[in-house]
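Descriptive structure summary
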Amino acid sequence: MDRLLRGELPPGGRCDLKTLAAEAGVTRTGFYPKKNRDGTTRPGLYQHLEEFERRLKAQRDAGKAHDPRTSQIERLKAQVAELKE
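For the structure given in this document, a descriptive report is provided here. (Residues numbered from 1 in each chain as written. Predicted model: local features only at pLDDT ≥ 70, side-chain atom pairs only at ≥ 80, totals over all residues. Heavy atoms only, no water.)

For the rest of this paragraph, the subject is the overall build of the chain. Assigned secondary structure in the chain consists of four helices and two strands. Tracing the chain from N to C terminus, the helices and strands come up as α-α-β-β-α-α. Sorting the 85 residues of the chain into buried and exposed places 20% on the buried side. For the chain, long-range pairs separated by at least 24 residues make up 41% of all intrachain contacts whose partners lie at least 6 apart in sequence. Carbon and sulfur atoms make up 52% of the accessible area of the chain, which totals about 6,700 Å². (Helix = DSSP H or I, 4+ residues; strand = E, 2+ residues; numbered from the N terminus. Buried < 20%, exposed > 50% of the residue type's maximum accessible area, 1.4 Å probe, protein only. Contact = heavy atoms within 4.5 Å. Areas by Shrake-Rupley, 256 points an atom, 1.4 Å probe, with all protein chains shown as cover.)

Below, the structure is given as structure tokens:
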């Protein structure tokens with residue numbers, strides 16, 4: 001989680017749940033709580049999903065998101081607007 005939030009993304013990866021699961025070596029659904037046969041909830045394998053989402057949202061709100069594709073998209077949009085002029 002810390003590596004992704006620092007911007008150390010694997011090739012083709014993003015700072016999202018899918019990449020986090022792949023880096024942890026689990027399926028994406030492993031992050032969510034499960035139901036026991038008696039109906040009670042048991043925690044998922046990784047309880048840090050809420051922390052990851054909270055920290056990612058805080059970074060995005062502060063304008064410090066480390067997803068290089070987001071920066072590239074913004075740069076290309078500006079370039080297209082400039083070329084249209």
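Don't stop here, the text continues.
By the burial criterion, the buried members of helix α2 (residues 17–24) are L17, T19, L20 and A21. Tucked inside the fold, the buried residues of α2 contact α1 (2–6) and α3 (49–61). Backbone geometry just downstream of α2 places G25 in the positive-phi region, at approximately 80 degrees.

This part is about the pattern of salt bridges. Summed over the entire model, instances satisfying the criterion amount to five salt bridges. Across the pair E8 and R6 runs a salt bridge whose closest N-O atoms are separated by 3.0 Å. Here E8 falls in the partly exposed class, since its relative accessible area comes to 43%. Linking R55 and E51 is a salt bridge whose minimum nitrogen-to-oxygen distance equals 3.3 Å. Of this pair, R55 and E51 both sit in helix α3, four residues apart, which is roughly one turn of the helix. Exposure remark for R55: the relative accessible area of 26% places this residue in the partly exposed category. The class of E51 is partly exposed, set by a relative accessible area of 28%. (Salt bridge = Lys/Arg side-chain N within 4 Å of Asp/Glu carboxyl O.)

With that settled, consider the nonpolar core. The biggest cluster of nonpolar side chains holds 11 residues, and these are L4, L5, L9, C15, L17, L20, A21, F31, L49, F52 and L56. Elements with a minimum of two residues in this core: α1, α2 and α3. Setting aside residues up to four positions removed in sequence, L20 forms contacts with M1, L4, F31 and F52. (Core = buried A, V, L, I, M, F, W, Y, C linked by side-chain atoms within 4.5 Å.)

The next subject is the side chain of T19. Relative to the helices and strands, T19 resides in helix α2. Its relative accessible area of 10% is what places T19 among the buried residues. Within polar-contact distance, the side chain of T19 engages the backbone oxygen of R14 at 3.0 Å. (Polar contact = N/O pair within 3.5 Å; in protein donor to acceptor, adjacent residues only side chain to side chain.)

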